[in-house]
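# Tertiary structure, described
Residue strings, one per chain:
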Amino acid sequence: MTHQTPVGTSVPPDNCLDLWREKNDQLVRQAKVAQDSRLPLRRQQLAQDALEGLRGLLHCLQGLPAAVPVLPLELTVICNFITLRASLAQGFTEDQAQDIQRGLERVLETQEQLGPRLDHGLTGLWNSILHASSTLLELLPVLHHLAGLQVALWLSTDCLGDLTLLLQNLNGSQSGASEDLLILLKTWSPPAKESDAPLTLQDARGLRDVLLTAAAFRQGLQELITGSLPRALSSLHEAASGLCSRPVLVQVYTALGTCLRKMGNPQRALLYLVAALKGGSNWGPPLLEASRLYRQLGNTVAELESLELLVEALSVTPSSEVPHLLIEVELLLPRPDPASPLHCGTQSQVKHLLASRCLQKGRAEDAAEHYLDLLALLLDGSEPKKFSPPPCPPGPCMPEVFLEAAAALIQAGRAQDALTVCEELLSRTSSLLPKMPLLWEDAREGTKESPHCPPWVSATYLLQGQAWVQLGAQKEAISEFSRCLELLFQATPKDKEQGPASNCEQGCSSNVALQQLRAAALISRGLEWVASGQDAKALQDFLLSVQVCPGNRDASFHLLQTLRRLNRRDEATALWRRLEAQTKLPQENATWSLPLYIETCLSWIHPPDSETLLGEFRTSLPEPCDL
């Protein structure tokens, strides 16, 4: 075969080519020695020296006019340089794309085809080269190797369209060929390199296997997030059968556990989670998924144990395996975002989840201890008077953590500790009171004026009132409930026209939250009036609670009991009939949820004998006369 070279191009003498090749082989061997070194500093130094050596060799080769006899070595050096650089940096950068582009341009220079195609960027270059590959048979193995690195770069940056087109060209596909990435990767068969070819850090076929595993895992995660569960299961099985290191296999097994749990197959899910926990030291994701699985199964003990283990696991820095000086699956995976099953959050976030689940499941003593630990963790090193919430991360903001902690302490019978927590919260928010327009929904939008304090402050007074109730201090309790109500009736729900509700309140709308807080405060104060024998004042609070929160049945039951005690039989009967009619209607599921501290407050004012009360009214009324 005759090769076309630009006019004036000279081919380097064979002895130079042999020297350059020997230099490449020596640097590859040095990088492999570095990989096997057990001394981190020596390993890093050897690898860095090899990288600089490859950089210098590449600079030398590209300083000469492009020539076909030299191109197999030059492109091999490019592949080795990109592989070593990406592995040391643990990721790809724009520099690697420029290295690939320069190599492709050099190939086209030898074919006198470098021209307008450059306008099409890397995609156009690859299209030109692969369509001219029939005249470049000796370059095919190294071109496929370079294409594999291009696929790796595009996969890591989600350039799936360009990636698919390149794989179709590599496979010689015609129009109408498959666009399924996994099928294209399986179909791709890089040519074997010659036995006397220059040494490489990683061959094209090994790289292809890595790409197939990474693509299957990425695709499976995305399908899992979007809810395409059968397809996700297939993709994740493909990844699990591929070329996985132990850390990657732990992630794949965790994702398989998530997928099977969502598909209603908890036993198989549990098998994969157990395998994930046995497979490596990064126990965070499988432990969190195990807690979700046990929660779905109703096994509260196992759920909470998993969360406790997760808190411990996140407090320890996991031992990481030394990465190989190759393109590995880890380099091609995205960082887990909050929607990913591989995202397990921070130690404080998991500690909050554990504390809140204990409170929800009636384990008040455990919840109280976990909340106190959480507050200590969050406040460690913080400046007391510079308190403001973060801009709306998933989960509650700091004031809500204080309120949940106070509620847990009251639930655990530790009223004095609850008062201390409430006082700490008030000390951190009271300075904001004079400049608040009293809006609820701006709660964590990060505004400088922090116009979101009133709900926290009013809820704090409500909890302080409950703590005083527990301590038997009726006067102080009534005073705190009154202060709470004063703030609550100043607060204005945010208009619907002002934008959609924030998701930080776990789906709770401003109007619902204010209604329930007002009802809780009115009922709580009313119960204290009842305890002191002042039924007339209690009646006013119960009447108002029914007005401000018509859907709160607890308010209606307390009002019914008070009307009965005051012997206002006609009003009591009318209210009873409304309650009876409501019980016969189909119950609609609430489309909102309340913050945990509000739900806990509402549980304290729930009348324990409401059904008994309705039954007594039913039997005490005279039977209607038949005409």
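As the structure is a computational prediction, the values presented were derived from the model and not from experiment.

Across its full length, the chain holds 26 helices and zero strands. Looking at the chain as a whole, 50% of its 627 residues qualify as buried. Accessible area of the chain: about 29900 Å², with a carbon and sulfur share of 52%.

We now examine the side chain of Ser340. Within the element layout of this structure, Ser340 appears in the loop between helix H14 (300-314) and helix H15 (347-360). By relative accessible area, Ser340 is classed as buried at 8%. There is a polar contact of 3.1 Å between the side chain of Ser340 and the backbone nitrogen of Leu342.

The geometry of helix H22 (residues 535-548) relative to helix H23 (residues 553-565) is characterised by a closest axis approach of 9 Å and an angle of 150° between their N-to-C directions. What the angle tells us is that H22 and H23 run roughly antiparallel. For the pair H22 and H23, the sense of crossing is left-handed. Facing H22, whose interface residues are Asp535, Leu539, Phe542, Leu543, Ser545 and Val546, H23 presents Ala555, Ser556, His558, Leu559, Thr562, Leu563 and Arg565. Here the residues of the contact of H22 with H23 are counted per class, giving seven nonpolar, four polar and two charged.

Taken together, the side chains of Glu305, Glu308, Glu312, Glu365 and Asp366 present a region of like negative charge at the surface. Taken together, the elements giving at least two residues each to the negative patch come down to H14 and helix H16 (364-379). Broken down by element, the residue count for the negative patch peaks at three residues, all from H14. The topology assignment puts Glu308 in helix H14.

Time to look at the state of the cysteines. This model, assessed by the stated rule, comprises zero disulfides. With no disulfide partner, Cys16 has as its closest neighbouring cysteine sulfur the one in Cys60, 8.2 Å distant.

For the structure shown, the criterion picks out 22 salt bridges. Asp158 is the salt-bridge partner of Arg218, the closest N and O atoms lying 2.7 Å from each other. Of the two residues, Arg218 sits in helix H9 (residues 204-226) while Asp158 sits in the loop between helix H6 (140-156) and helix H7 (160-170), which places them 60 residues apart along the sequence. Residues Arg414 and Glu369 are paired through a salt bridge, measuring 2.7 Å at the closest nitrogen-oxygen approach. Of this pair, Arg414 sits in the loop between helix H17 (398-411) and helix H18 (415-429) while Glu369 sits in helix H16, placing them 45 residues apart in sequence. Given a relative accessible area of 25%, Arg414 falls into the partly exposed group. For Glu369, a relative accessible area of 41% corresponds to the partly exposed category. By sharing partners, the salt bridges in this structure join Arg85, Asp95 and Asp99 into a single network.

This paragraph deals with the nonpolar core. Soluble globular proteins: nonpolar side chains tend toward being buried together. Counting residues in each nonpolar core, the largest one holds 94 residues, and the members touching the most others are Trp126, Leu146, Leu167, Leu211, Phe217, Ile327 and Leu332. With sequence-adjacent residues up to four places away left out, Leu146 is seen in contact with Leu75, Ile78, Cys79, Ile82, Ile100, Leu104 and Trp126. Counting residues in hydrophobic clusters, the runner-up holds 84 residues, among them Cys344, Leu379, Ile523 and Phe557.

Another aspect to go through is unusual backbone geometry. Within the chain, Asp158 stands out as a residue other than glycine whose phi angle is a positive 60°. Of note in this structure, Asn567 is not a glycine but carries a positive phi near 60°. Examined against the element boundaries, Asn567 turns out to sit in the loop between H23 and helix H24 (569-584).

With that settled, the discussion passes to helix H2 (residues 40-62). For H2, which comprises 23 residues, the first-to-last C-alpha distance of 33 Å matches the rise-based estimate of 33 Å (1.5 Å per residue) to within 8%. Buried within H2 are the following residues: Arg43, Leu46, Ala47, Ala50, Leu51, Gly53, Leu54, Leu57, Leu58 and Leu61.

Another point: the side chain of Asn24. Looking at the secondary structure, you find Asn24 in helix H1 (residues 14-36). With relative accessibility at 0%, the residue Asn24 sits in the buried group.

A word on H14. With 15 residues, H14 ought to run about 21 Å at 1.5 Å a step, and its terminal C-alpha atoms sit 21 Å apart, in line with that. Structurally, H14 contributes buried residues whose contacts are with helix H13 (284-297) and H15.

Interaxial distance between H6 and H7 falls to 9 Å at its minimum, and their mutual angle equals 160°. Our classification of the angle between H6 and H7 gives roughly antiparallel. As H6 runs across H7, the sense of the crossing is left-handed. Each of His144, Ala147, Gln150, Val151, Trp154 and Leu155 in H6 lies in contact with H7, whose residues at this interface are Leu160, Asp162, Leu163, Leu166, Leu167 and Leu170. Looking at side-chain class alone, the contact of H6 with H7 contains nine nonpolar, two polar and one charged residues.

With that settled, consider the environment of Ile225. As for its position among the elements, Ile225 is in helix H9. Distance from Ile225 to Pro341, taken between C-alpha atoms, is 8.1 Å for residues 116 residues apart in sequence. Sequence-distant contacts of Ile225, that is, excluding residues within four places in its chain, are made with Ala339 and Ser340.

What follows concerns the confidence of the model for the chain. Mean pLDDT for the chain: 83, with 82% of residues reaching 70 or above. Element-level pLDDT for the chain is lowest in helix H26 (residues 610-620), with a mean of 71, against a maximum mean of 96 in helix H10 (residues 229-240). Within the model, pLDDT remains below 50 along residues 382-393, and this stretch shows 22 contacts once partners closer than five positions in the same chain are excluded.

This paragraph deals with the environment of Leu88. Position of Leu88 relative to the elements: it lies in helix H3 (residues 71-89). For Leu88, a relative accessible area of 23% corresponds to the partly exposed category. For the pair Leu88 and Ile327, spaced 239 residues apart in the sequence, the C-alpha separation amounts to 9.9 Å. In contact with Leu88, other than residues within four places in its own chain, are Gln44, Ala47, Gln48, Leu51 and Leu325.

Rules and cut-offs
Residue positions are given per chain, counting from 1 as you read along its sequence in written order. Local features in a predicted model are, by the rule used here, given only for residues with pLDDT of at least 70; side-chain atom pairs are given and counted only at 80 or more, and totals for whole chains, interfaces and linings are based on all residues. Hydrogen atoms and water are omitted, and side-chain values are computed over all heavy atoms in the structure. Comment: elements are numbered from the N terminus, with helices defined as DSSP H or I runs of at least four residues and strands as E runs of at least two. For every residue, the accessible area (1.4 Å probe, protein chains only) is compared with the maximum for its type, and the residue is labelled buried under 20%, exposed over 50%, or partly exposed between those bounds. Accessible surface area values rest on a Shrake-Rupley calculation with a 1.4 Å probe, where residue burial reflects the displayed protein chains alone. Under the rule applied, a polar contact is a pair of N or O atoms within 3.5 Å (in protein, one hydrogen donor and one hydrogen acceptor; residues adjacent in sequence only if both atoms are side-chain atoms). Fitted lines through C-alpha atoms serve as axes, helices being fitted only where they are in contact, and the angles separating the N-to-C directions of these axes extend from 0 to 180 degrees. Oblique is the label for any angle not under 35 degrees, not over 145, and not in the 65 to 115 range, which are roughly parallel, roughly antiparallel and roughly perpendicular in turn. A clockwise turn of the near helix away from the far one marks a right-handed crossing, whereas an anticlockwise turn of less than a right angle marks a left-handed crossing. Any two residues whose heavy atoms approach within 4.5 Å are treated as being in contact. Here the term charged refers only to Asp, Glu, Lys and Arg, the term nonpolar to Ala, Val, Leu, Ile, Met, Phe, Trp, Tyr, Cys and Pro, and the term polar to all other amino acids, Gly among them. Residues enter a patch when their relative accessible area is above 30% and they make no salt bridge; the linking distance is 9 Å between like charges and 5 Å between nonpolar side chains (Val, Leu, Ile, Met, Phe, Trp, Tyr). Should a side-chain nitrogen of Lys or Arg be within 4 Å of a carboxyl oxygen of Asp or Glu, the pair is scored as a salt bridge. Only four residue types enter the charge count: Lys and Arg as positive, Asp and Glu as negative, with His and the chain ends excluded. For charged residues, the charge sits on one atom: NZ in Lys, CZ in Arg, CG in Asp, CD in Glu. By disulfide we mean two sulfur atoms from cysteines, separated by a distance within 2.5 Å. Working definition of a nonpolar core: buried Ala, Val, Leu, Ile, Met, Phe, Trp, Tyr and Cys residues. They are joined through side-chain atoms within 4.5 Å. The length a helix should cover is 1.5 Å for every residue beyond the first. What pLDDT reports is the predictor's confidence in each residue, on a scale of 0 through 100.

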